[in-house]
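Next come the chains, spelled out residue by residue.
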Amino acid sequence: VAVAQSLVPSLLLHRVGCVGVTLEIGDTVCVDVATPSGFGVAQVSVVDELPSPFPSLETVDVRRRAAARKAGGFLISDAVELLQLASDGCDVTDVEELVLSEEASLVPVSSPQAHKEAVGMRVYSLKLNGCSVLIVGNDLTHRVASMGVKECKTFVAACERAEKMQTPLLFLNASSGARLGVDEAMKKTLGFSDDGKLTAAGVEVTSISNSNADYGVPSLSACGATARAYSKLYDHGMCVTVCIGRAVGIGAYLARLGRRTIQVAQTPIILTGQAALNKVLGKDVYESNAQLGGPQIMHQNGVTHLTASNCLEAMKQAVNWMEWKTRVEAKEPARPIPPEGDGALSPAQLVDVLFDAGSFVEVQRAWAKSVVCGRARLNGRAVGVIATQTATTEL
């Protein structure tokens, strides 16, 4: 089924399931669909089957998708379809999900269900218009998108693969930080003696260590490895970060270290939540996490390069950014005629005259307004642009 996007212009997910209903080609029904503002009703027309790289409608997990939307993002398994929508008809082929092997390398997944239950970090390999692309992101429905040791190792392997193969990596950032927790089995064996000492089976316990734990100190150490790998990838490869959900703790660090960050509205980039800060301050100073790290904060201070009103718009910006790096346009678009007069040209007029029409994209627009930075194309080739703002700017 395909949703009429004219009815829902900012639709995020076009794949929906109809259970217990028999439809013919051309029939139209009304269904609930996920939109940036929640769930709404749209008309759906029955067409032929979905493109072959995508899973069939029978595999759709409606509850997990609803949970991901409630958390402010989308189901990571829908990332390929969203990329297809964002690429405006570009070919998305050779889609393959990858999983971390025992040798710490990425290999095609053999059991999707077992993998889904074991690790929250998902990796997809595909070709966008013939160019290889890696997508990596956390499942919002898996242990509240926390970063355990397995998730961190999978992320590091994806960065290393992207660097080695010089493949653009699209990081869909949604993380609640390092995974913390308690070993419930061990907790049941512990107790306190009459003199207040910690004991297990009557023996005093002086220290506790579990090197195989997927949380706590091992998780914090593994998160440090992700930061190192992502920072290295920026220096030696191509990576784009799209904050599709809350980016807390290590998620916030990765958004900064990737340095090509697109932030969706109402998705905070924070180190500590507003509830914890209010508790420390002893009064309710902050009303929401968006007040701490929303686009109005992170775009102003230069952490966020671009902002988007919804995930689909953000994915379109990410596709444009990756194509700017990987694609060369052979044709030479016509450029506008320079305006008459002896006055100095503004940066906006200058880029229109010098570069291919409509190719300039400004980044960090709200930060350091006296300098205009961005990217454009010159005779189809990608170039960076830095210009001094000659007009009066309002800070």
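A few points on the structure. (Residues numbered from 1 in each chain as written. Predicted model: local features only at pLDDT ≥ 70, side-chain atom pairs only at ≥ 80, totals over all residues. Heavy atoms only, no water.)

This next bit is on the overall build of the protein. The secondary structure content of the protein amounts to twelve helices and 18 strands. Across the 395 residues of the protein, 44% fall into the buried class. Counting contacts in the protein only where the partners sit at least 6 residues apart, residues at least 24 apart contribute 60% of the total. Of the accessible surface of the protein, which amounts to about 20,700 Å², a share of 53% is contributed by carbon and sulfur atoms. (Helix = DSSP H or I, 4+ residues; strand = E, 2+ residues; numbered from the N terminus. Buried < 20%, exposed > 50% of the residue type's maximum accessible area, 1.4 Å probe, protein only. Contact = heavy atoms within 4.5 Å. Areas by Shrake-Rupley, 256 points an atom, 1.4 Å probe, with all protein chains shown as cover.)

Moving on: the sheet that holds strand 18 (residues 381–388). Spatial ordering of the open sheet is given by 16-17-18, a layout of three strands whose pairing is antiparallel. Each end of this open sheet is capped by a strand with a single partner; those strands are strand 16 (361–363) and strand 18. Pairwise comparison of adjacent strand axes, ignoring direction, gives a mean angle of 30° for this sheet. Where strand 16 lies against strand 17 (residues 371–378), three bridges are found, and the strand directions are antiparallel. Following the sheet pairing, Val361 is matched in strand 17 by Arg375. (Pairing = 2+ DSSP bridges. Axes fitted to C-alpha atoms, helices over the stretch in contact; angles between N-to-C directions.)

Below, the discussion takes up the pattern of salt bridges. One pass over the structure, following the stated rule, counts eight salt bridges. Arg122 is the salt-bridge partner of Glu97, the closest N and O atoms lying 2.7 Å from each other. Here Glu97 is found in strand 4 (residues 92–100), whereas its partner Arg122 is found in strand 6 (residues 121–128), with 25 residues between them in sequence. Arg122 carries the same exposure label as Glu97, and that label is buried. We note a salt bridge from Arg179 to Glu151, for which the minimum N-O separation is 3.2 Å. Of this pair, Arg179 sits in the loop between strand 8 (169–175) and helix 5 (184–189) while Glu151 sits in helix 4 (residues 149–165), and the two are 28 residues apart along the sequence. No difference in accessibility class separates Arg179 from Glu151, as the two residues are buried. In this structure, a network of salt bridges that share partners links the residues Glu97, Arg122 and Asp139. (Salt bridge = Lys/Arg side-chain N within 4 Å of Asp/Glu carboxyl O.)

With the rule as written, the count across this model stands at three aromatic pairs. Centre to centre, the rings of Phe155 and Phe171 are 4.9 Å apart; their planes meet at 65°, and the pair counts as edge-to-face. Of the two residues, Phe155 is situated in helix 4 and Phe171 in strand 8; the sequence distance between them amounts to 16 residues. With respect to burial, Phe155 and Phe171 carry one shared label: buried. (Phe/Tyr/Trp six-rings, centres within 6.5 Å; stacked < 30°, edge-to-face > 60°.)

A few words on empty space enclosed by the protein. Empty space among the atoms becomes visible once a probe the size of a water molecule is rolled across them. Enumeration according to the criterion identifies two cavities of 30 Å³ or more in this entry. In this structure, the second largest cavity occupies an estimated 30 Å³ of space. Elements that contribute at least two residues to the lining of the second largest cavity include exactly strand 8 and helix 7 (250–258). Element by element, the count of residues in the lining of the second largest cavity is highest for strand 8, at four residues. Classifying every residue of the lining of the second largest cavity by side-chain character gives six nonpolar, four polar and no charged. (1 Å grid on protein atoms, 1.4 Å probe; cavity = no way out; pocket = protein on both sides within 12 Å on 5 of 7 lines; lining within 4 Å. Points joined across faces, edges and corners; volume = space filled by probe spheres on them. Nonpolar A, V, L, I, M, F, W, Y, C, P; charged D, E, K, R; others polar.)

Moving on, we get to the sheet that holds strand 10 (residues 198–200). Spatially, the three strands line up as an open sheet ordered 9-10-11, and their pairing is antiparallel. Across the chains shown, the open sheet's two edge strands, defined by having one partner strand only, are strand 9 (190–192) and strand 11 (203–204). In this sheet, strand 10 lies alongside strand 9 in antiparallel orientation, the contact comprising three bridges. Following the sheet pairing, Gly191 is matched in strand 10 by Thr199.

The phi dihedral of Gln166 falls on the positive side, at around 55°, and the residue is not glycine. Note on Gln166: relative accessible area 52%, which makes it exposed. Here the phi dihedral of Arg259 falls at roughly 65°; this positive angle occurs in a residue that is not glycine. We classify Arg259 as partly exposed; its relative accessible area is 36%.

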